[in-house]
Structures are given as structure tokens and as C-alpha cells.
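Next come the chains, spelled out residue by residue.
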Amino acid sequence: MTKLLIQNGLCIDGKSSEPKKNWIVVIEGEKIVYFGEEASYSLSGDETVIDANGGTILPGLIDTHVHMMLEFSPIAERLATPFSFMYYQAAQYLKTTLHAGVTSVRDALGADLGIKKAIEDGLIPGPRMQLSINALTITGGHGDGYTVSGNIIDLLPTDYPGMPNGKCDGVEEVRKKTREMLRAGAEVIKVHATGGVLSATDHPEFTQFSLEELKVIVEEARFRKGVRVMAHAQGTEGIKNAVKAGIQSIEHGIFIDEEAIELMLEHGTFLVPTLLAPVAVLETAEEAGMPATAVEKSKEVIEQHHASIAKAYQAGVKIAMGTDAGVMKHGTNLRELGLMKDIGMTPMETIIASTKTAAECLGWQDKLGTLEQGKLADIIIVKGNPLDDIYSLADNETIQVVIKNGKVEKNTLE
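This report concerns the structure included in the present document. (Residues numbered from 1 in each chain as written. Predicted model: local features only at pLDDT ≥ 70, side-chain atom pairs only at ≥ 80, totals over all residues. Heavy atoms only, no water.)

It is worth spelling out the pairing of strand E8 (residues 102–107) at this point. Most of E8 is tucked away, with six of its six residues classed as buried. Alignment of E8 against strand E9 (residues 128–131), held across four bridges, turns out to be parallel. When the bridges of E9 are listed, Asp107 appears paired with Leu131. Once you follow E8 into helix H3 (residues 113–120) and on to E9, the crossover reads as right-handed. (Buried < 20%, exposed > 50% of the residue type's maximum accessible area, 1.4 Å probe, protein only. Helix = DSSP H or I, 4+ residues; strand = E, 2+ residues; numbered from the N terminus. Pairing = 2+ DSSP bridges. Right-handed = clockwise from strand over helix to strand, strands pointing away.)

See the structure below:
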């Protein structure tokens, strides 16, 4: 089997504090078979060489919070769009995300098992996926598309084969709905523990599921099936309830306080900041037809959001990169790293949050997240040195080579 050898680039392995010079990566099949000093490698004669041309070689980046089946659009447009069209749109979103250097994602609501299978079977290009299927939400809460007219206008269709509706109330309904998501193929359970920016009938600070209900979700997912739980949690009490219940990752975390931080440190809970989400709401409000309520709430929370994430980072909470892509355009994911730097993280810390820590958040640390012998060959090559300009990663042209599972998916160096 022909090997692929990547040379002539600065290497950031996803776990070290300093990049490595004069190192190479050798791939055979789907895995990395050598990562080390070039001088210590013996050529076998069957290597195909990729010259990084002085750029930087990194692990494939991981976005732990995306919505691959949607990009926010005006209500009238959604109502006029045929059901099956969303799958063809998603195929383009997936390709765009992969070409942006994101080789793995955790879908936080909306993608069904068929999307994942289409990628794995090679029908369409896209990042590796971890699915939540649909989010659990209370009646009248974040994720319930009920309007005062009596009509239900959800961001995405639900209640079709393979996509159970997520609304549930009370311990026994919550238990059954968690089991339905697992039956439909959920590899992580998503729950709305608080209100949100995009929902018209609640507020980010509103607490939704009770602590007892959240504990049942964790019991059914984590303890019966070994499946993790992620919580949309923006308000303080909802964050605390989610952590106390044993949920592994807090998404957004807008109103984190000191007590919540202490609980997260005690439980080893991950924080997925999605700093880009409220920024994108304000930037795309008119074009995407964002509700006026969402625009006002974004203005209200954006400074608090940044302050809360900075406080959690300074305290040592584990931060995994996530964007809420779908609220904004897919392929713009790596803007998040610049925003993480803006709240005080070093460029290297933002990369580690997007590789090693993100893989740990998904439970994939044994096979992904770092450049190491034996791990899956998810690798990207970027122009220049992102440690000098982390904002440069936001430009997809900076991402020159994308390799997933040992297969070259994008190469603009040729």
C-alpha cells in the first residue's frame, strides 16, 4: 500500500505547547504510521510526498456544536421550500465545512442517521459526524416552534421517519423520549436546559427541565447506553442543574457564575462557548430574517457572554471549540478561534481547544485530536503559521490541504 508523506511544514500536534520543526507525518491507509523527526525516518520507496511548502501541518479541526441540516433563513422562505430540498443543501454545507478544515463535527440537532451513512459510504464528502438526532425540549421552551397564531414553525421539520419530535414534559416522558432518540441513532443526547436567543417565547436565563428530569436523561443515556449528554444551557440555574445532573458539556454558557464554574471544575464538565453565534445573529439579521426578539437578545447578552467565557477560561474550565454553525453560514467555523483569542486564550490554546480537547469532549480522544502514530489520519495544511495570525484561519483559502481518514479531500497546493 502506498504511503503518503507530508514534509516541509511546521507541525502543531494538538497537545504540545510549542510547534515542531523538521518533523514529518506518514500515512498508510486510514492511519498515521509515523510522526517524528524527518532525519529519523527511513524511506521505503513507496511514499507519495505532499510538500507543505513552508506552511503548518495540524490535526483536522473539530467543531463540537453544529447544525448541518440548516442555515437560518426567513420564515417565508422556509415555508416555500420542499421537504427533501434540505438534504441537497446539507450536502453542500457538509462539503464546505470539510474544505474549511473541519474534519469532525458533533451535530447538535437536525441531522438524521442517513446523513451520516451517506458520508461514511462515500456518497457525499463531509466531516465525520456524531449525531444527537433531535434536541429534547419542554413544551413552550427553546426548540418549541409554537406561535401565538397556533401554528408551529420549527427551524427544521420533525416527526418524520428517523427524526422523533423532541418535546417532552415530566420524568416519564423525558425517559421515553431519550430512549426514542437513542433508538433513532443518537450518539449524544442534546437537551435544552434553558431558554435561548433564537426562541421567541423564552429568555436565555429561563430554566427549563428540572434537575430530576435532567438526571433521568443522564441515567437513560450515559448509564444505560454509555452515551454522553450535551446541554444547551445559557442561564445560570440551568447551567448548574445540568452540571449537577452529570451532563458532560455545557453549550453557550452565557450566564456562568462562580458557583457554576466551581461545579464544572469539580465534575470535569466541558464548556462549548459558541462565541460566534450571537455575533452572527447581529451580522446576518436582515439577510437571514432573524426574529427581532433574537436580535434584541443578542445585543443584550453578547458582552455578558464574552465575560463569562473569559472567567471560565481563567478558572481552568475545559473549553472545546464549537460554533453553532447553521445559525451562521457553514464554512465560517474557524472564526471561532479568533473570538476565543479575544477573550484571552493564546493562539495555541485555541488550536488545542479545536483538536485535543474537542476530541475529548466527543469521547474520541483515542482516535482523533492529535498527530500521533496509530491515530486516524485527519490532517490539514494551512498557509503560514496560525500562531502568528489565528484570524487567518477564518479565510478558507488559508486551508490548503484537508485529509480525512487518510484520503485527500482538498489540495490547492497542486
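Across all of its chains, the model carries four aromatic pairs by this definition. Each ring, one from Phe83 and one from Tyr160, has its centre 4.9 Å from the other, and the planes form 75°; the classification is edge-to-face. Of the two residues, Phe83 is situated in the loop between helix H1 (75–79) and helix H2 (85–99) and Tyr160 in the loop between strand E10 (135–136) and helix H4 (171–183); the sequence distance between them amounts to 77 residues. Above the plane of the ring of Trp364 lies Lys367, whose end atom (NZ or CZ) is 5.0 Å from the centre. (Phe/Tyr/Trp six-rings, centres within 6.5 Å; stacked < 30°, edge-to-face > 60°. Lys NZ or Arg CZ within 6 Å of the ring centre and 35° of its normal.)

To continue, consider the side chain of Gln234. Summarising the element assignment, Gln234 is placed in the loop between strand E12 (228–233) and helix H6 (236–245). Looking at Gln234, the relative accessible area reads 4%, which means it is buried. Residues in contact with Gln234, not counting those within four places in the same chain, are Thr194, Gly195, Gly196, Val197, Pro204, Ile239, His252, Gly253, Ile254 and Phe255. (Contact = heavy atoms within 4.5 Å.)

With respect to topology, six strands assemble into an open sheet ordered E10-E11-E12-E13-E14-E15, the strand pairing being parallel. Because the sheet does not close on itself, it has two edges, and the strands there are E10 and strand E15 (318–319). Strand direction decides the pairing type here: strand E14 (residues 270–272) and E15, joined by two bridges, are parallel. Looking at E15, one finds that Leu271 is bridged to Ile319.

What follows deals with helix H5 (residues 211–225). Here H5 spans 20 Å end to end across 15 residues, near enough to the 21 Å set by a 1.5 Å rise per residue. The largest bend in H5 comes to about 30°, at Glu219. What H5 keeps buried is the set Glu213, Leu214, Val216, Ile217, Val218, Glu220 and Ala221. Check the buried side of H5 and you find it contacts E10, H4, strand E11 (188–192), E12 and H6. Two residues or fewer past H5, Gly226 is found with a positive phi of approximately 70°. (Expected span 1.5 Å × (residues − 1). Bend = angle between axes of the 7 residues up to and from the residue.)

Here we come to the nonpolar core. Grouped together as the largest cluster of nonpolar side chains are 95 residues, with contacts concentrated most on Met129, Ile189, Val191, Ile250 and Leu271. The element best represented in this core is helix H9 (residues 292–315), accounting for six residues. In contact with Ile250, not counting residues within four places along its chain, are Ala231, Ala233, Ile239, Ala242, Val243, Met264, Thr269, Phe270, Leu271 and Val272. With 16 residues, the next largest nonpolar core counts Cys11, Ile27, Ala52 and Val401 among its residues. (Core = buried A, V, L, I, M, F, W, Y, C linked by side-chain atoms within 4.5 Å.)

Here the focus is the sheet that holds strand E2 (residues 10–11). Sheet architecture is open: five strands sit in the order E2-E6-E16-E17-E18, paired in mixed fashion. Only two strands of the sheet have a single neighbouring strand rather than two, namely E2 and strand E18 (407–411). Of the strand pairs in this sheet, strand E17 (residues 399–404) and E18 are connected by four bridges, and their pairing is antiparallel. Following the sheet pairing, Ile403 is matched in E18 by Val408. Relative to the sheet, H2 contacts E17 and E18, its axis offset from that of E17 by approximately 110°. (Axes fitted to C-alpha atoms, helices over the stretch in contact; angles between N-to-C directions.)

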